[in-house]
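For reference, the chains in residue letters:
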Amino acid sequence: MDYVFMLPGQRNVFQTLLKEDFITPAKSGEKLSEDQKPRSLPFDYVRSIHWSVTGKCNLRCRHCYMSAPRQKYHDLSPDGAESLIRQMAEAEIHQISLTGGEPLLRKDFWQIVNKLKAANIYLRQIFTNGLLVTDEFLKRAKHEELRCDFVLSFDGLDMHDWLRGIEGTEKRTIEAIKRIKRHGYSVCIETAVHSKNLSSLPSTYDLLRELNIDFWKCSYITQSGEWKHENEAVQLPQKQLYKMYDMLISMNKNDGFPLSVQLDGYYAFHKGTRREYIPYLEKGKEYYSCTSCITEPYLLPDGKLLPCPTFTDTSLEEKMPYITKQSLTEIFQDKDSPFYRVTHIRADDIAKHNKQCRSCIHHTRCKGGCRAMALLGSKNIYGRDMMICNYFNQK
């Protein structure tokens, strides 16, 4: 800290970290602890895993991509879950998010949380419908020193019940949001956008602003899982969707940016950095078609590892590996596996398979778009994601 080239601002940062006990001065001759020593891995670093701990749910959502109302996927046993956590520790995975189904339905939920803590794996998010998030649960979360965000679904004011399949869910979800905020936790809201709830988004924005939620993400529903069988599902024109997104952007700006938001890949704003950006354009900075598939893969309740949740219920799912048959370390190292090939698709690979991409001036920026969306739309893993294609070509 007395280094002659350290700037005053840098020195002030170190002084603050010392004062707040984030760092301590090393004693003369003191060596690094095992946790502090650098490690190398024989595969790409996987930062986090998005783990569906159960395929069970207490709602009957019309759009459930994993068909939880019909309990399509069985759960890992407590021993299987413990084995997985050991595998994650061995693979140097240090973060995790828990989802379902409804994760709080697992009777061994707190055992899983404590085993993650013991393995030094940080639980950063809990995805829940909120119906089981009681004051008692939140008190225990504080007692267990959880510092995670809670991610809840809310699918439009006066529309939430319709999509979630059980009357009264909307009221209980709003109560859960208020309860979580009272206990001092961050609340992130995800909204599945479709033709029936599009007009409700402005009033939903007003509600979420009043509830002082921390982040709002809107995503267009994919044609998978239960939504493929939904008789009332009507295709939503992309221009109509973006027109609504423009309205929401204006509302947030006019109110002084009270919400961090992400509207598909069309627009995003982060309150902490005060940064506005277009996620679609950020893809041009990445080497692979989707870096998130490498750094944050998805695990189904039965132990099948997918590049991301959107690959659930696709033709690719049956080709993906089980962690009950191969360890995570083995899976990540296997460059001949379908999992590796999908996660490491590059823009050049997509251009080779698509004449339209080779002649398009945008192909190095869009990189073909989302591989799961391309697969759902064209039945080809190397196909075009028409949503991002239309965005760049203004169709």
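Let me begin by describing the structure that accompanies this report. (Residues numbered from 1 in each chain as written. Predicted model: local features only at pLDDT ≥ 70, side-chain atom pairs only at ≥ 80, totals over all residues. Heavy atoms only, no water.)

## As for the overall build of the chain
Phase 1: A tally of helices and strands in the chain yields 17 helices and eleven strands.
Phase 2: For the chain, the C-alpha radius of gyration of 22 Å lies close to 21 Å, the compact-globule estimate for 395 residues.
Phase 3: In terms of overall dimensions, the chain has a C-alpha envelope of 70 × 50 × 50 Å along the principal axes.
Phase 4: Residue pairs in contact within the chain that sit at least 24 positions apart in sequence constitute 69% of those at least 6 positions apart. (Helix = DSSP H or I, 4+ residues; strand = E, 2+ residues; numbered from the N terminus. Rg over C-alpha atoms; globule rule 2.2 N^0.38 Å. Contact = heavy atoms within 4.5 Å.)

## Some thoughts on the packing of aromatic side chains
Phase 1: In this structure the tally under the stated criterion is 18 aromatic pairs.
Phase 2: The structure contains a cluster of three or more aromatic residues connected by ring pairs, namely Tyr242, Tyr245, Tyr266, Tyr280, Tyr391 and Phe392.
Phase 3: One Lys or Arg, Lys196, reaches over the ring of Trp162 and ends 5.0 Å from the middle of that ring.
Phase 4: The positively charged end of Arg275 is found above the aromatic ring belonging to Tyr277, 4.2 Å away from the centroid. (Phe/Tyr/Trp six-rings, centres within 6.5 Å; stacked < 30°, edge-to-face > 60°. Lys NZ or Arg CZ within 6 Å of the ring centre and 35° of its normal.)

## Details of the sheet that holds strand S8 (residues 267–270)
Phase 1: Ordered by their spatial adjacency, eleven strands build an open sheet running S9-S8-S7-S6-S5-S4-S3-S2-S1-S10-S11, and the pairing between neighbours is mixed. Two strands in the sheet have a free side with no partner beyond their single neighbour: strand S9 (275–277) and strand S11 (305–306). (Pairing = 2+ DSSP bridges.)

## As for a nonpolar patch on the surface
Phase 1: A contiguous nonpolar patch, built from Tyr3, Val4 and Phe5 and spanning about 400 Å² of accessible area, is present on the exposed surface.
Phase 2: Mapped onto the elements of the fold, Phe5 is located in the segment before helix H1 (8–19). (Patch = residues over 30% accessible without salt bridge, like charges linked within 9 Å, V, L, I, M, F, W, Y side chains within 5 Å. Areas by Shrake-Rupley, 256 points an atom, 1.4 Å probe, with all protein chains shown as cover. Salt bridge = Lys/Arg side-chain N within 4 Å of Asp/Glu carboxyl O.)

## Thoughts on empty space enclosed by the protein
Think of a ball as big as a water molecule: rolled over the atoms, this probe shows where empty space is left.
Phase 1: Applying the stated criterion to the full structure yields three cavities of 30 Å³ or more.
Phase 2: Quantified by volume, the largest cavity comes out at close to 80 Å³.
Phase 3: Residue lining of the largest cavity: Phe43, Asp44, Val46, Ile294, Ile331, Phe332, Phe339, Tyr340, Thr343 and His344, and that is the complete set.
Phase 4: Sorting the residues of the lining of the largest cavity by element identifies helix H11 (328–333) and helix H12 (338–343) as the ones contributing at least two each.
Phase 5: Looking at the lining of the largest cavity residue by residue, the class counts come to seven nonpolar, two polar and one charged.
Phase 6: Estimated volume of the second largest cavity: approximately 50 Å³.
Phase 7: Taken together, Tyr205, Trp216, Leu248, Ile249, Asn252, Val261, Leu263 and Tyr267 make up the lining of the second largest cavity. (1 Å grid on protein atoms, 1.4 Å probe; cavity = no way out; pocket = protein on both sides within 12 Å on 5 of 7 lines; lining within 4 Å. Points joined across faces, edges and corners; volume = space filled by probe spheres on them. Nonpolar A, V, L, I, M, F, W, Y, C, P; charged D, E, K, R; others polar.)

## Quick notes on helix H8 (residues 238–254)
Phase 1: Helix length check: H8 (17 residues) gives 24 Å between terminal C-alpha atoms against 24 Å at 1.5 Å per residue, within 8%.
Phase 2: Looking one or two residues beyond H8, the residue adopting positive phi is Gly256, at roughly 85°. (Expected span 1.5 Å × (residues − 1).)

## Focus on the side chain of Ser97
Phase 1: With respect to the element layout, Ser97 can be found in strand S2 (residues 95–99).
Phase 2: Judged by relative accessible area, Ser97 falls into the buried class, the value being 2%.
Phase 3: At a separation of 2.6 Å, a polar atom in the side chain of Ser97 contacts the side chain of His50.
Phase 4: Ser97 has contacts with Ser48, Ile49, His50, Trp51, Leu123, Gln125 and Phe127, leaving out every residue within four places of it along the chain. (Buried < 20%, exposed > 50% of the residue type's maximum accessible area, 1.4 Å probe, protein only. Polar contact = N/O pair within 3.5 Å; in protein donor to acceptor, adjacent residues only side chain to side chain.)

## A closer look at the pattern of salt bridges
Phase 1: Across all of its chains, the model carries 19 salt bridges by this definition.
Phase 2: Arg164 serves as the salt-bridge partner of Asp155, at 2.5 Å between the closest nitrogen and oxygen.
Phase 3: Using a relative accessible area of 0% as the deciding quantity, one classes Asp155 as buried.
Phase 4: Residue Arg164 is classed as buried on the basis of its relative accessible area, which comes to 9%.
Phase 5: Between Arg209 and Asp255 there is a salt bridge, with its nearest N and O atoms 2.8 Å apart. With Arg209 in helix H7 (residues 201–210) and Asp255 in the loop between H8 and strand S7 (260–263), the pair connects residues that are 46 residues apart, well separated along the chain.
Phase 6: Among the ionic contacts, a cluster of salt bridges with common partners joins Arg47, Arg124 and Glu296.

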